Amino acid sequence: MKLVRKDLEKDNAGQVTLIPEEPEDMWHTYNLLQVGDSLRASTIRKVQTESSTGSVGSNRIRTTLTLCVETIDFDSQACQLRVKGTNIQENEYVKMGAYHTIELEPNRQFTLAKKQWDSVVLERIEQACDPAWNADVAAVVMQEGLAHVCLVTPSMTLTRAKVEVNIPRKRKGNCSQHDRALERFYEQVVQAIQRHINFEVVKCVLVASPGFVREQFCDYMFQQAVKTDNKLLLENRSKFLQVHSSSGHKYALKEALCDPAVTSRLSDTKAAGEVKALDDFYKMLQHEPDRAFYGLKHVEKANEAMAIDTLLISDELFRHQDVATRARYVKLVDSVRENMGTVRIFSSLHVSGEQLGQLTGVAAILRFPVAEISDQEDESSSEED
């Protein structure tokens, strides 16, 4: 998604102009739109014309309309988005208040105006427009003295860092200079990995090299991580996958990505993270039920106690027609983040999102046990959901 313009007021009213660039962007757009928003986009309208002789004909004319959104229809198979509403701006072909349906298309600009842009919507724009958020896979392509740290998105490979260190050759009876330079090189690569790879998003880090460089580097990195108690690297150790490449240049990454072991590991990596979070919730529900809550009332109660470690919430809830209900979910997300909890917004298009939907669409793994809520409150929760 490309952000063309963003005009927001102090009270968070305003508009943004975006260009969806790939099918996934249509899903993001669907999640941005709400009933009552104002949508301006180019569209085709069938217009009746009368000639000088009095004969009536109809032509299809491309025009730009501004609609007040009333219904939103998303076809997940074709990734098509149709938005129906009434015209709210003067137009030579369409009367004020007349109904029209705009079909939003990839690579066609649109402007969306809202009375209130909340944190969840703004975060979705940020994620959709930042290629790093789509980069499920990171790669370190290396040889002695040269390394490229890259992020791999569905449509491009972004080089985030290039590390070059001159490594002296080994001399007979004296390898100390070579070994010191190699250690300095490895240390710089480790720093680049920590600086440029977001382990919350990235699910797999390929380490590719000719020879034994990758093994030696990984051994060094995790030995240092143990020595310095580097939790970030130690907790994400399982994400590192060693593969062969012909060199440490960026073009050699293509060979690594074609490796059959890699392709099976990378299948649907973003969804794999959601599946694991849901699996962790079910395990907690089974073994320590006081630390696994679901349903809005229960989760809000846990949040009041600042007990939420991980919040699992379906993006479907943010498409709620009722403004107050939607605001309640947004407030919950903001509050969990303020209390240093992790928030995972699940896609309702994925199987894990469907499973979460069966649990009311909102669940939480708690830091510590919280006493159950009374049956009376439980009933009111089920009425709301």
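Residues numbered from 1 in each chain as written. Predicted model: local features only at pLDDT ≥ 70, side-chain atom pairs only at ≥ 80, totals over all residues. Heavy atoms only, no water.

An unreviewed UniProt entry annotates the chain as Protein pelota homolog of Irena cyanogastra. Note on the chain: under the UniProt heading Subcellular location (unreviewed entry), the record states "Cytoplasm". Under the Sequence similarities (unreviewed entry) heading, UniProt states for the chain: "Belongs to the eukaryotic release factor 1 family. Pelota subfamily." (UniProt positions renumbered as here; feature names shortened; annotations may be inferred.)

(A) How the structure looks around unusual backbone geometry. The backbone of Met 306 shows a phi angle near 55 degrees, a positive value even though the residue is not glycine. With respect to the helices, strands and loops of the structure, Met 306 is situated in the loop between α10 (296-304) and β14 (308-314). The backbone phi angle of Met 340 is positive, close to 65 degrees, even though this residue is not glycine. (Helix = DSSP H or I, 4+ residues; strand = E, 2+ residues; numbered from the N terminus.)

(B) Main features of empty space enclosed by the protein. Applying the stated rule across the entire model yields 1 cavity of 30 Å³ or more. The volume enclosed by the largest cavity comes to roughly 60 Å³. For the lining of the largest cavity, the element with the highest residue contribution is helix α2 (residues 119-129), accounting for 3 residues. Tallied by class, residues from the lining of the largest cavity come to 3 nonpolar, 1 polar and 3 charged. Formed jointly, the lining of the largest cavity draws a minimum of three residues from each of two domains, domain 1 (2-129) and domain 3 (271-377). (1 Å grid on protein atoms, 1.4 Å probe; cavity = no way out; pocket = protein on both sides within 12 Å on 5 of 7 lines; lining within 4 Å. Points joined across faces, edges and corners; volume = space filled by probe spheres on them. Nonpolar A, V, L, I, M, F, W, Y, C, P; charged D, E, K, R; others polar. Domains from an automatic or database assignment.)

(C) Looking closely at the sheet that holds strand β13 (residues 292-294). One open sheet holds the 4 strands; their spatial order is β13-β16-β14-β15, and the pairing between them is mixed. Only two strands of the sheet have a single neighbouring strand rather than two, namely β13 and β15 (342-346). On average, each strand axis in the sheet is tilted by 15 degrees relative to the strand beside it, whichever way the strands run. Two strands pair when backbone bridges link them, and β14 and β15 are joined in this way by 5 bridges, in the parallel orientation. For Leu 311, the partnering residue across the bridge sits in β15 and is Val 343. (Pairing = 2+ DSSP bridges. Axes fitted to C-alpha atoms, helices over the stretch in contact; angles between N-to-C directions.)

(D) Fine view of the layout of surface pockets. Reported here for the second largest pocket is a volume of approximately 510 Å³. In terms of lining residues, the second largest pocket is bounded by 22 residues, among which Gln 34, Val 35, Asp 37, Val 323 and Arg 326 are the most central. Elements with a minimum of two residues in the lining of the second largest pocket: β4 (56-75), β7 (110-114) and α11 (323-338). Looking at the lining of the second largest pocket, the element that brings in the most residues is α11, giving 4 residues. In the lining of the second largest pocket, the residues fall into 8 nonpolar, 7 polar and 7 charged.

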